[in-house]
Amino acid sequence: MFIEIADLMSDSDMLTLVVTKKDGIISVSVLPKKVGLKDEAKNHLSPMVLRGTPEEIDQHFISQVRSPLEKTIGMLTNMAVYEKSMEETIAKSKAATEAKKQEDAKKKAFTEKMKKVETLFNEKKISEAALLLKQASDMPCADKKQCEIMKSKIDVELNSGTLFVD
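A. Representation of the confidence of the model for the protein chain within the structure. Overall, the predicted model of the protein chain reaches an average pLDDT of 89, with 96% of residues at or above 70. Here helix α1 (residues 2-8) stands out as the element of the protein chain with the lowest mean pLDDT, 88, in contrast to strand β3 (residues 48-52), whose mean of 95 is the highest.

Have a look at this one:
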């Protein structure tokens, strides 16, 4: 009997059997559970109850509980798989959200640095703008095209100077 029961179960399945006897009749209550399952629906399962003489229970127990146990254990397994996939999805979502926040922060830092480069350039502080542009260009989320355009403007200003004052 226990070999057949074991064949119906997976490693995280649990089966509660309660056997009572009254007036020569045995009642066997069978309630499958899934270890670690959090879904509250598991608490609403009613046990299967078989009644009969010890000989009848011994002879027909497995044939009477096989199909209901397979269905119930299958349903509990599906619930556990769903819970796990939800947890994984939430974890991935949190990771993706955190990664997006970090990427946004890097982009914001780059944008702010480029605004400072523009300000220094407009204030004719070309050397300072060039140094800051070098830092901005080395940032991981730097817009290379934007940096190249600003570098061209700075190079024009740096090379347009004259040694003589009018």
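B. Focus on the environment of L17. Along the chain, L17 turns up in strand β1 (residues 13-22). Between the alpha carbons of L17 and S93 there is a distance of 41 Å; along the sequence they are 76 residues apart. Residues in contact with L17, not counting those within four places in the same chain, are F2, V28, S29, V30 and F61.

C. Geometry of helix α3 (residues 126-137). The end-to-end C-alpha distance of α3, which contains 12 residues, comes to 16 Å, matching closely the 16 Å that a straight helix rising 1.5 Å per residue would cover. For α3, the set of buried residues is I126, A129, L132, L133, A136 and S137. On an axial view of α3, the arc spanned by its buried residues comes to 140°, and they lie on one face. Residues of α3 that are exposed and angled more than 90 degrees away from the buried face: S127, L131 and K134. Those residues of α3 hidden inside the fold are in contact with α2 (54-122) and α4 (144-159).

D. Main features of the pattern of salt bridges. A complete count under the given rule lists 6 salt bridges for this structure. Here K38 makes a salt bridge to E87, at a shortest N to O gap of 2.7 Å. On the criterion of sequence distance, the pair formed by K38 in the loop between β2 (25-34) and β3 and E87 in helix α2 is long-range, its members being 49 residues apart. One salt bridge in this structure joins D104 and K100, with 3.3 Å as the shortest N-O distance. Here the residue D104 and the residue K100 both occupy positions in helix α2, the gap between them amounting to 4 residues, near one helical turn. The partly exposed category is assigned to D104, whose relative accessible area is 35%. Given the relative accessible area of 52%, K100 is considered exposed.

Reading guide: rules and limits
- Residues numbered from 1 in each chain as written.
- Predicted model: local features only at pLDDT ≥ 70, side-chain atom pairs only at ≥ 80, totals over all residues.
- Heavy atoms only, no water.
- pLDDT = per-residue confidence, 0-100.
- Helix = DSSP H or I, 4+ residues; strand = E, 2+ residues; numbered from the N terminus.
- Contact = heavy atoms within 4.5 Å.
- Expected span 1.5 Å × (residues − 1).
- Buried < 20%, exposed > 50% of the residue type's maximum accessible area, 1.4 Å probe, protein only.
- Arc of directions from axis to C-beta.
- Salt bridge = Lys/Arg side-chain N within 4 Å of Asp/Glu carboxyl O.

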